Amino acid sequence: MHVLERAQFDTLLEALQQHGRQVIGPVRRDGVIGYEPVRSAGDLPVGWADEQEAGRYRLHHKDHGRLFDYTAGFHTWKRYLYPPTAVLWQASRDNGRLSFETPSETPPKFALLGVRACELHAIAIQDKVFLDGAHPDPAYAVRRNNAFIIAVNCGRAGGTCFCASMETGPRAQGGYDLALTEVAEDGRHYFTVEAGTKKGERLLDELELREAIEAERAAAAAAVEAAANQMGRQMPVDGLRELLAANPESPRWEAVAKRCLCCANCTMACPTCFCSTVHDSAAMTGETAKRERVWDSCFTMEFSYVHGGSVRKDASSRYRQWMTHKLSSWHDQFGSSGCVGCGRCITWCPVGIDITEEAWLLQEAHGGPTRTGE
Amino acid sequence: MTPTGNEAMEPMLEQHPFLRGLSKEQLSALAQCAALSSYDMDDYVMRAGQPANHCHLIHKGQVAVTVHEPRRGHVVVQTVGEGGVLGWSWLVPPYRWCFDGHALQATETIALDGEKLRAAFDADCCLGYEMLKRFTQVFGERLHAARFQLLDVYKN
Amino acid sequence: MPRNATKPEVSSPASADGGAASMAEPMLPAPYRIQRQRREAHDTFTLDLAAADGGRPPRFAPGQFNMLYLFGVGEVAISISGNPGTPETLQHTTRAVGSVTKAMEKLRAGDVIGVRGPFGTHWPTDHARGKDVVFVAGGIGLAPLRPAMYEILRNRAHYNKAVLLYGTRTPSDILFKRELKQWGGNFDVDVYVTVDRATGTWRGNVGVVTQLIRRSPFDPGNCVAMICGPEVMMKYAVDEFRRRGVDSQDIFLSMERNMKCAIGFCGHCQWGPNFVCKDGPVFRHTDIEHLLNVWEI
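What counts, and at which threshold
- Residues numbered from 1 in each chain as written.
- Chains lettered and ligands numbered in written order.
- Predicted model: local features only at pLDDT ≥ 70, side-chain atom pairs only at ≥ 80, totals over all residues.
- Heavy atoms only, no water.
- pLDDT = per-residue confidence, 0-100.
- Contact = heavy atoms within 4.5 Å.
- Helix = DSSP H or I, 4+ residues; strand = E, 2+ residues; numbered from the N terminus.
- Buried area = accessible area lost by both parts, 1.4 Å probe.
- Salt bridge = Lys/Arg side-chain N within 4 Å of Asp/Glu carboxyl O.
- Polar contact = N/O pair within 3.5 Å; in protein donor to acceptor, adjacent residues only side chain to side chain.
- Buried < 20%, exposed > 50% of the residue type's maximum accessible area, 1.4 Å probe, protein only.
- Pairing = 2+ DSSP bridges.
- Axes fitted to C-alpha atoms, helices over the stretch in contact; angles between N-to-C directions.
- Patch = residues over 30% accessible without salt bridge, like charges linked within 9 Å, V, L, I, M, F, W, Y side chains within 5 Å.
- Areas by Shrake-Rupley, 256 points an atom, 1.4 Å probe, with all protein chains shown as cover.
- Lys, Arg positive; Asp, Glu negative; His and termini not counted.
- Charge placed at Lys NZ, Arg CZ, Asp CG, Glu CD.
- Core = buried A, V, L, I, M, F, W, Y, C linked by side-chain atoms within 4.5 Å.
- Phe/Tyr/Trp six-rings, centres within 6.5 Å; stacked < 30°, edge-to-face > 60°.
- Lys NZ or Arg CZ within 6 Å of the ring centre and 35° of its normal.
- Expected span 1.5 Å × (residues − 1).
- Left-handed = near helix turned anticlockwise from the far one by under 90°.

Draft legend 1. The arrangement of the confidence of the model for chain C in detail. Residues with a pLDDT of 70 or more make up 92% of chain C, whose mean pLDDT is 91. Across residues 1-22 of chain C, where pLDDT falls below 50, the model places 42 contacts with residues more than four positions away in sequence or in other chains.

As structure tokens, then:
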């Protein structure tokens, strides 16, 4: 474990840029911390922290000068690895001939700065979706294989976080090239740095950082420990997969549908949701056409349309599809839960529907564990 | 229609899928009501509004159950073929056919006399109950089919 | 005996390559030229396609589907309806019901469309060897079953009885009339056709296709049922097979859901834990029985 002083932070960004990487990191814009290109530490949300609750997100400025005191915002890293819109191919028609070609430009080599433990898990989950099947997605593969990941351990739990109960955080356990832990106390401000890959080690070597001393390691460990203890929400995972599979007709679905607006915010904010649709269009001249892939949501009517109508007409069946997929059938499909406990779907739900609360209510309605442990 | 009175109907009755599994005694009671009847192609096995005197167990051939609608002519509701049962209006008052039965090809049926059947069922309630259960299955099948057709599942 | 409807041995062109660097583009269509457009019924047509570059279309297994792309209009999932024994011509039989298929209906010989595939699971023609084979088709559902019929006729001696129960809306909706006659005549197939509504000079069966199951000649203890048609018709057909004592393991049906990618990325075709595009479209009844009666799943 090494130490990067706060004053040296730009050397990290410079090193990444010298390797031809576009650094994407946390940026405060429009009252939210999102993930956007950053050039120097000055672009980061210095001193900003969020306050989150179901249906609520506010930023507050503090004097501690921390770079990573915020928790998950509306953006997720899928924005860069699996962009919201992408041209899949272009077709051209000429004299009765039809040809197809994929876009020729190569995406930037990203360095993703500030990836949280839950988000590392989310990326690993999307890797399974896009790379592990019989037909891997080449566009995702290029972006993913070229990405350099700098994780940042959480020193604070967000108001809607529940990663501890999903066993996905708050400490990064792997899947990063470098992992940082921010410590700002007793007049010092530094980061402990660990490499997770050979790529990460090489960058560390270039930075010529000193080894961390025992007190610094201890301070970093304590910071992450504190985050784990702050977590207010818990997902009742015991037996949840089976319970959801067995209760497609639970009265709970009707109950939650009375509040759900089917706005699709939860699916857009979710770091693992991967559904998409395609848009076909032709140029006015009629000579070229293209197909774009855009993020889609199982909360729309069109999503399940087959000739004659939509399969999931009712909000209850759409919420059921989303939650059952996320917490139950995801296991059948990809070998893990599709939820990483980041809490985004709770924060960004305009009516404050809380997936952990819904899970508890389902558990309680169908003989599962109760919150009081009775 | 040329019913041929036949006391030796039992083996034929036993072969018909509708009566499979009945006891010797029950078959013999039914044989007392049974006669073979045959129809040429385009003959009518029954006509809507006419007294429903018989239940037809189809032995050979195919009968269309139709209804005449002034604008559309003869509308086929369904067809009943070999092994099928045609008609149950003889079972409930006023004992009149609701549909026409049009032989689509040369057809042979085992015609069971409705009045005799009702008497046999009254005399032997076990036979009556057993037969009613079987007819109920036929009603159920017809109702199911009618609802299914109503769904018009292949419609564009 | 396979537990699931089996994945085909044949591979689609998209899965041929391994590493990320040489990864094929599974979303990229290949141009195919229409050799012939044939009208099957007032709203149904068959396209005979050949690869525009003169190459051989990838092999397919009966029951699999392709994604057909019409320039600038869009893409639809359509089952392959042709003969797997003559793969040089790719056949698709389509009903013109949506914006893409209605536009495709206007295509003629010489026009070019995009094709990618084949995708999905196939009918259990191996599992059916040594048994009676009962096909139940409703409406356009005969098209995805036709390749399986071809395959069975090509190896007729390996199967016992072959029975086709086929229901359509009216007599004029009956597809592949010439072949139905041939199958019944030369190939020792028991073909029963029924219509929901009799019109014109029709003197055949009138009634729903599921009623044919009750009295058709097959051995419930040694048969395989392959069902394709509207979902409600398939459910009733399953009920009839179960009533006759056919094991759930021996009943297969082909499902339809919204599909955009055909390879499990887009999420649209999810049906319980299944992706209909890759875990289906052909499912073994045992595996999906619990989903058939759940509303809006």
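Draft legend 2. Examining the environment of C:Ala41 more closely. All names here are of chain C. One can find Ala-41 in strand β1 (residues 30-41). For the pair Ala-41 and Leu-292, spaced 251 residues apart in sequence, the C-alpha to C-alpha distance is 30 Å. Leave out the neighbours within four places in its chain, and Ala-41 touches Ser-172, Asp-173 and Leu-175.

Draft legend 3. Quick look at the interface of chain C and chain A. Each side of the interface is counted separately: chain C has 45 residues, and chain A has 54 residues. Between chain C and chain A lies a buried interface of about 3900 Å² when both sides are counted; carbon and sulfur atoms form 62% of it. Looking only at chain C, the three residues that lose the most surface to chain A are C:Phe71, C:Phe265 and C:Glu296, adding up to 22% of its buried area. In this structure, the connection of chain C to chain A is made through one salt bridge. Where chain C meets chain A, there are 19 residue pairs in polar contact (both at pLDDT 80 or more). Listed by contribution, the elements that provide at least two residues to the side of chain C that touches chain A are β1, β4 (74-79) and β6 (112-119) of chain C. Per-element accounting of the side of chain C that touches chain A gives the leading share, five residues, to β6(C).

Draft legend 4. Representation of the pattern of salt bridges in the model. Inspection of every chain in the model, using the stated rule, returns 40 salt bridges over all chains. A salt bridge links A:Arg156 to A:Asp69, with the shortest nitrogen-to-oxygen separation between them at 3.8 Å. Placement of A:Arg156 in the loop between β9 (148-152) and α5 (163-166) and of A:Asp69 in the loop between β5 (56-61) and α2 (78-81) is noted, with a sequence separation of 87 residues between them. The pair formed by A:Arg156 and A:Asp69 is uniform in burial state, with each residue classed as buried. C:Asp43 is paired through a salt bridge with C:Arg95; the nearest N and O atoms lie 3.0 Å apart. Of the two residues, C:Asp43 sits in the loop between β1 and β2 (44-51) while C:Arg95 sits in strand β5 (residues 90-95), which places them 52 residues apart along the sequence. Taken together, the salt bridges that share partners define one network made up of A:Glu5, A:Arg188, A:Arg210 and A:Glu216.

Draft legend 5. Looking closely at the environment of C:Leu90. Here C:Leu90 is to be found in strand β5. Expressed as a C-alpha distance, the spacing of C:Leu90 and C:Leu49, which sit 41 residues apart in the sequence, is 4.9 Å.

Draft legend 6. Layout of the sheet that holds β9(A). All names here are of chain A. Here we have eight strands laid out as an open sheet, ordered β3-β2-β8-β9-β10-β11-β1-β12, and mixed in their pairing. Each edge of the sheet is formed by a strand with only one pairing partner; in this case those strands are β3 (32-37) and β12 (210-211). Strand direction decides the pairing type here: strand β2 (residues 21-29) and strand β8 (residues 109-115), joined by four bridges, are parallel. Considered in β8, the bridge of Ile-24 is made with Leu-112. Strand contacts of helix α7 (residues 214-230): β1 (2-5), β10 (178-185), β11 (188-195) and β12, with the helix running at about 95° to β10, the strand carrying the most contacts.

Draft legend 7. Summary view of the interface of chain C and chain B. Residue-level contacts link 27 residues of chain C with 24 residues of chain B. Summed over both partners, the interface of chain C with chain B buries about 2200 Å², with 49% contributed by carbon and sulfur atoms. Where chain C packs against chain B, one counts four salt bridges. B:Asp42 is the salt-bridge partner of C:Arg203, the closest N and O atoms lying 2.6 Å from each other. At the boundary of chain C and chain B, one finds eight residue pairs in polar contact (both at pLDDT 80 or more). Looking at the side of chain C that touches chain B, the elements with two or more residues in it are β8 (162-168), β10 (205-206), α4 (210-215) and α5 (231-243) of chain C.

Draft legend 8. Layout of the side chain of A:Asp50. All names here are of chain A. Along the polypeptide, Asp-50 turns up in strand β4 (residues 48-53). Overall, Asp-50 belongs to the buried group, its relative accessible area being 4%. A polar contact is formed between the side chain of Asp-50 and the backbone nitrogen of Thr-71, at a distance of 2.5 Å. With near-sequence residues (within four places) excluded, Asp-50 lies in contact with Tyr-57, Arg-58, Leu-59, Tyr-70, Thr-71 and Arg-156.

Draft legend 9. Structural detail: a negative patch on the surface. A surface patch of like charges, here negative, comprises A:Glu201, A:Asp205, A:Glu206 and A:Glu208. Structurally, the position occupied by A:Glu208 is in the loop between α6 (198-207) and β12.

Draft legend 10. Looking closely at the nonpolar core. Counting residues in each nonpolar core, the largest one holds 90 residues, and the members touching the most others are C:Val136, C:Ile227, C:Phe241 and C:Trp271. If you tally residues by element for this core, the top one is helix α3 (residues 117-131) of chain A, at eight residues. Excluding residues that lie within four positions of it along the chain, C:Trp271 makes contacts with C:Met255, C:Arg257, C:Val276, C:Phe283, C:Ile288, C:Leu291, C:Leu292 and C:Ile297. Ranked by size, the runner-up nonpolar core spans 36 residues in total, among them B:Phe18, B:Leu27, B:Ala103 and B:Ile110.

Draft legend 11. Quick look at the packing of aromatic side chains. Counted by the stated rule, this structure contains 34 aromatic pairs over all chains. Through pairs of rings, three or more aromatic residues link up here, namely A:Tyr82, A:Phe130, A:Tyr140, A:Phe274, A:Trp295, A:Trp330, A:Phe334, C:Phe265 and C:Phe275. The ring centre of A:Trp295 lies 4.6 Å from the NZ or CZ of A:Lys78, which sits over that ring. The cationic tip of B:Arg47 hangs over the ring face of B:Tyr44; the distance from NZ or CZ to the ring centre is 5.7 Å.

Draft legend 12. Region of the structure containing the sheet that holds β2(C). Residues and elements named next belong to chain C. With respect to topology, six strands assemble into an open sheet ordered β4-β3-β6-β1-β2-β5, the strand pairing being antiparallel. Of all the strands in the sheet, the pair left with one neighbour each is β4 and β5. The mean angle between the axes of side-by-side strands here comes to 40°, regardless of whether they run parallel or antiparallel. Alignment of strand β3 (residues 65-70) against β4, held across six bridges, turns out to be antiparallel. Residue pairing for β4: Tyr-69 is matched across the bridge by Glu-75.

Draft legend 13. The pairing of β1(C), seen in detail. Residue and element names in this part refer to chain C. Looking at chain direction, β1 and β6 are connected through four bridges and run antiparallel. Residue Ala-30 lies in a different strand from β6, and its bridge partner there is Val-115. Relative to β2, β1 is paired through eight bridges, and the arrangement is antiparallel. From the neighbouring strand, Ile-34 faces β2, where its bridge partner is Leu-49. Connecting β1 to the antiparallel partner β2 that follows it, the hairpin turn spans two residues.

Draft legend 14. Representation of helix α4 (residues 125-151) of chain B. All names here are of chain B. With 27 residues, α4 should reach 39 Å at 1.5 Å per residue; the first-to-last C-alpha distance of 38 Å fits that figure. Within α4, the full set of buried residues consists of Leu-127, Gly-128, Met-131, Arg-134, Phe-135, Val-138, Glu-141, Ala-145, Phe-148 and Gln-149. Put simply, Asp-124 is the residue that caps the front of α4, since its side-chain oxygen is 3.1 Å from the backbone nitrogen of Cys-126. Residue Asp-152 follows α4 closely and has a positive phi angle near 55°.

Draft legend 15. Representation of the pairing of β5(C). All names here are of chain C. With respect to burial, β5 is a largely interior element, six of its six residues being buried. Side chains Leu-90, His-92 and Thr-94 project from β5 onto one buried face, and the interleaved Gln-91, Thr-93 and Arg-95 project onto a second face that is buried too. Pairing analysis gives six bridges linking β2 to β5, with the strands arranged antiparallel. From the neighbouring strand, Thr-46 faces β5, where its bridge partner is Thr-93.

Draft legend 16. Broad picture of the packing of helix α2 (residues 142-154) of chain C against helix α3 (residues 177-186) of chain C. Residues and elements named next belong to chain C. At a minimum axis separation of 13 Å, α2 and α3 run at an interaxial angle of 35°. Of the two possible hands of crossing, α2 and α3 adopt the one that is left-handed. Across the interface between the two elements, Leu-142, Arg-146, Met-149, Tyr-150 and Leu-153 from α2 touch Glu-179, Leu-180 and Trp-183 from α3.

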